[in-house]
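Examining the three-dimensional arrangement
Next come the chains, spelled out residue by residue.
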Amino acid sequence: MQSANMLLRKIIRISVLPFAAQHGMKKDLFPLSRTLSLSLCLKQDKSCEPSEKLDLDEWKKVMKSGLPEEVSETEPKELSSLAAARETLEMWRLAGRAVPENISEEQLKTFMECPSKSAKKKYLKYLHVKELHKKNEKRKMDEKRERRLEAQASKTDETKKSSFLCLWSRTMDKAYNWRAAQSMIFGQPLVFDMSYEKEMSLREVSNTVRQIVMSESCNRKSVDPFHIHFCNFKEDSLYHREFIQQYKEAWGKLLITVTDQCYTEIFPKDKLIYLTADSPKVMKAFDHDKIYIVGSMVDRSIKTGVSLARAKRLGLQTAALPLEKYLLWSAGAKNLTLDQMMHILLTLKDTADWKKALEFVPKRKYCGFVNQPVKELQKTLDLINTLKLGKRREKVEKQFAKNYPKKYKLK
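All values reported here derive from a predicted model rather than from experimental measurement.

**Some details on the environment of Leu 272**
Topologically, Leu 272 is positioned in strand S4 (residues 272-275). Accessibility expressed as a relative area gives 0% for Leu 272, which makes it buried. Through-space distance from the C-alpha of Leu 272 to that of Ile 291 is 4.9 Å; in sequence the pair is 19 residues apart. If sequence neighbours within four positions are ignored, Leu 272 has contacts with Tyr 263, Thr 264, Phe 267, Ile 291, Ile 293, Leu 316 and Gln 317.

Spelled out as structure tokens, the structure:
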């Protein structure tokens, strides 16, 4: 049996293998030779030696290497199903249904996973509406961009055509700075008391600094500006940080006086007047020889008596604006913002007219001026009475009784 096997191997080597190598068929015939030799080995007697036993694992590998590779059937199925879904979408689009123009593979797969036809329609309608929203947003952004570009082009054209405006703004800045420089030598001082940092929160300090910045801008543009003093000002304080954040590089170029000293150390006490809404004394007229002090404080909780107590501790005169004398006050506290105070003081300094000065008081806080004709004032009071203000009506009647004689008293 062994001799026959050896003879068969020699025949295959001599005759078959050279022919296969010549025609490029060696790889295909190699498993055949192995199968022939293995089949002969299987027919051997059980009395063969253990070294000649078959290795089944090797035999399985050899047999599998000769088989053609299995083609995955999932990919063509998925591709075919996706193509079919796209065809149905195209048909629905031609039929006039709400179908998105562009759809991704993930959206197409979720469309195929929908359990019913109505669910598929709803999903496609959702994608269609979403696509429309994106288009509208893109269109709006393009229109906004075009408008911005047109505005920039018009601005550049205007600046190119009218170079006089640039020269005018520069010359006006120079004029404003010249006035502020003159006020530092010849102007009337106006003091901002910067000692209320502990009385305020961070937000209130930022609001205070913002109002002071507006006050400084208004003062610089006036005909006869004040010489502004920041007293009790400490470096690296909240005020200082907020001012640097607001002015940036221009902070060191401001034409104002900044000092950590108290105003009582700089000016004589008999010339200082502390303006506070809590003062019992009312300011009758603007005095050009006095130095007015404004507390740099914005309190949302309206802490009454803080500035008045400070002025009393220092032994200073106090005064309040005559709001009740000239205005028919309706509601709200009589505390004004710092920029409003600056507008009022500048108007009083230039015109000495209380009516013009108090026009900077917010109109929501008063009904009208007391120096109006009595008939017009009577109409406003009748309107207030019709609105049924309750307790506020009594206040209005008392205020009216103070300002007018008994014959005009409300009925």
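**A short note on empty space enclosed by the protein**
The final tally for this structure, using the stated rule, is one cavity of 30 Å³ or more. The volume enclosed by the largest cavity comes to roughly 50 Å³. As for the largest cavity, its lining consists of Ala 180, Ser 183, Glu 216, Asn 219, Arg 220, Phe 226, His 227, Ile 228, Leu 255 and Ile 256. The greatest single-element share of the lining of the largest cavity, amounting to three residues, is contributed by helix H8 (residues 202-220). A breakdown of the residues in the lining of the largest cavity according to their chemical character gives five nonpolar, three polar and two charged.

**Considering the pairing of strand S1 (residues 189-193)**
The buried fraction of S1 is high, at five of five residues. Burial along S1 is two-sided: Pro 189, Val 191 and Asp 193 facing one way and Leu 190 and Phe 192 facing the other are all buried. At this point the chain moves from S1, through H8, to the parallel strand S2 (residues 227-231), and the crossover so formed is right-handed. One ladder, built from four bridges, connects S1 with strand S5 (residues 291-295); its direction is parallel. Within S5, the residue paired with Asp 193 across the bridge is Gly 295.

**Section: the layout of surface pockets**
Taken as a whole, the largest pocket encloses approximately 920 Å³ of empty space. Counting only elements with at least two residues in the lining of the largest pocket, the list comes to S5, helix H11 (306-314), helix H12 (323-326) and helix H13 (338-351). The greatest single-element share of the lining of the largest pocket, amounting to four residues, is contributed by H12. Residues that form the lining of the largest pocket fall into these classes: 22 nonpolar, ten polar and ten charged.

**Regarding the sheet that holds strand S6 (residues 317-319)**
What the six strands build is an open sheet, ordered S3-S2-S1-S5-S4-S6; its pairing is parallel. Each edge of the open sheet is held by one strand with a lone partner, namely strand S3 (257-258) and S6. Across the sheet, H11 lies against S1, S4 and S6, angled at about 160° from S4, the strand it touches most.

**Quick word on unusual backbone geometry**
Phi at Asn 232 takes a positive value of approximately 60°, unusual for a residue other than glycine. Note that Asn 232 resides in the loop between S2 and helix H9 (238-247). You can call Asn 232 buried: its relative accessible area is 14%. Look at Lys 248: it is not a glycine, yet its phi comes out positive at around 60°. Inspection of the secondary structure puts Lys 248 in the loop between H9 and S3.

**A word on the pattern of salt bridges**
Pairing between side chains of opposite charge can happen when their charged atoms approach one another. Taken as a whole and judged by the stated rule, the model has seven salt bridges. As a salt-bridge pair, Glu 143 and Arg 139 come within 3.3 Å of each other at their nearest N and O atoms. Taken together, the positions of Glu 143 and Arg 139, both in helix H6 (residues 117-161) and four residues apart, correspond to about one turn of that helix. The exposure class of Glu 143 is partly exposed, given its relative accessible area of 34%.

**A word on the packing of H8 against H13**
Direction vectors running N to C along H8 and H13 enclose 25°, while the axes themselves pass 7 Å from each other. The angle between H8 and H13 places the two elements in the roughly parallel class. Classified by chirality, the crossing of H13 by H8 is right-handed. Contacts between H8 and H13 involve Thr 208, Gln 211, Ile 212, Met 214, Ser 215, Cys 218 and Asn 219 from the former and Leu 338, Asp 339, Met 342, His 343 and Leu 346 from the latter.

**Section: the environment of Ser 195**
Take Ser 195: it is sitting in the loop between S1 and H8. Take Ser 195: its relative accessible area is 28%, and that puts it in the partly exposed class. A polar side-chain atom of Ser 195 sits 2.8 Å from a polar atom in the side chain of Asp 193. In this structure the side chain of Ser 195 is engaged in a polar contact, spanning 3.1 Å, whose partner is the side chain of Arg 310.

What counts, and at which threshold
- Residues numbered from 1 in each chain as written.
- Predicted model: local features only at pLDDT ≥ 70, side-chain atom pairs only at ≥ 80, totals over all residues.
- Heavy atoms only, no water.
- Helix = DSSP H or I, 4+ residues; strand = E, 2+ residues; numbered from the N terminus.
- Buried < 20%, exposed > 50% of the residue type's maximum accessible area, 1.4 Å probe, protein only.
- Contact = heavy atoms within 4.5 Å.
- 1 Å grid on protein atoms, 1.4 Å probe; cavity = no way out; pocket = protein on both sides within 12 Å on 5 of 7 lines; lining within 4 Å.
- Points joined across faces, edges and corners; volume = space filled by probe spheres on them.
- Nonpolar A, V, L, I, M, F, W, Y, C, P; charged D, E, K, R; others polar.
- Right-handed = clockwise from strand over helix to strand, strands pointing away.
- Pairing = 2+ DSSP bridges.
- Axes fitted to C-alpha atoms, helices over the stretch in contact; angles between N-to-C directions.
- Salt bridge = Lys/Arg side-chain N within 4 Å of Asp/Glu carboxyl O.
- Parallel < 35°, antiparallel > 145°, perpendicular 65-115°, else oblique.
- Left-handed = near helix turned anticlockwise from the far one by under 90°.
- Polar contact = N/O pair within 3.5 Å; in protein donor to acceptor, adjacent residues only side chain to side chain.

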